[in-house]
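What follows is the residue order along each chain.
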Amino acid sequence: QVQLVESEGGLVQAGGSLLLSCAASGLTFSNAAMGWFRQAPGKEREFVAAITWNGASTNYAESVKGRFTISRANSRNTVYLQMNSLRPEDTAVYYCAARSGNRGLGAVPTFYGYWGQGTQVSVSS
């Protein structure tokens, strides 16, 4: 039973910061590719960031590059998304995703086999 549990999001002011975490269980986290996606009202689920099994490589959507940082702590079975300089257009439900036993980076939802339930992040202007 694979579970991905995101931390609570929240409401933040534009320009503020928020740290999301995703705790994984039921899979071998240390060989899993991990990613973050988000979905805003009226929009498709979109790629935010991804990180390889060992944290050596990362990939970011252009819209968040330089503002967001993905990281992982394999000893804690946890992946993080540090969000800085938040903008109202960052408002969305954020989802953690995992693919077991893969050494690559996935920027499309179909790459991933497991998903968290999502957490709401709202940025006020």
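Each remark here, short or long, concerns the structure printed above.
As the structure is a computational prediction, the values presented were derived from the model and not from experiment.

Cut-offs used in this document
- Residues numbered from 1 in each chain as written.
- Predicted model: local features only at pLDDT ≥ 70, side-chain atom pairs only at ≥ 80, totals over all residues.
- Heavy atoms only, no water.
- Disulfide = S-S within 2.5 Å.
- Helix = DSSP H or I, 4+ residues; strand = E, 2+ residues; numbered from the N terminus.
- Buried < 20%, exposed > 50% of the residue type's maximum accessible area, 1.4 Å probe, protein only.
- Core = buried A, V, L, I, M, F, W, Y, C linked by side-chain atoms within 4.5 Å.
- Contact = heavy atoms within 4.5 Å.

Concerning the state of the cysteines
According to the stated counting rule, one finds one disulfide in the structure shown. Note that Cys22 is cross-linked by a disulfide to Cys96, the S-S spacing being 2.1 Å. Here the disulfide of Cys22 and Cys96 is left-handed, its torsion about the S-S bond being about -80°. Here Cys96 lies in strand E9 (residues 92-99) and Cys22 lies in strand E3 (residues 18-25), a separation of 74 residues in the sequence. The pair formed by Cys22 and Cys96 is uniform in burial state, with each residue classed as buried.

Quick look at unusual backbone geometry
One non-glycine residue, Asn77, lies in positive phi territory at about 50°. Within the secondary structure, Asn77 sits in the loop between strand E7 (68-73) and strand E8 (78-83). Although it is not a glycine, Ser85 adopts a positive phi angle of roughly 50°. Within the secondary structure, Ser85 sits in the loop between E8 and E9. On the basis of relative accessible area, Ser85 is assigned to the partly exposed category, the value being 41%.

Thoughts on the nonpolar core
Membership of the largest hydrophobic core comes to 37 residues, with the highest contact counts inside it found for Met34, Trp36, Val79, Leu81, Met83 and Tyr94. Elements supplying a minimum of two residues to this core: E3, strand E4 (33-39), strand E5 (46-51), E7, E8, E9 and strand E11 (119-124). Setting aside anything within four residues of it in sequence, one finds Met83 in contact with Gly16, Ser17, Leu18, Leu20, Arg67, Phe68, Tyr94 and Val121.

So far we have only geometry, and geometry alone does not tell us how the molecule works.
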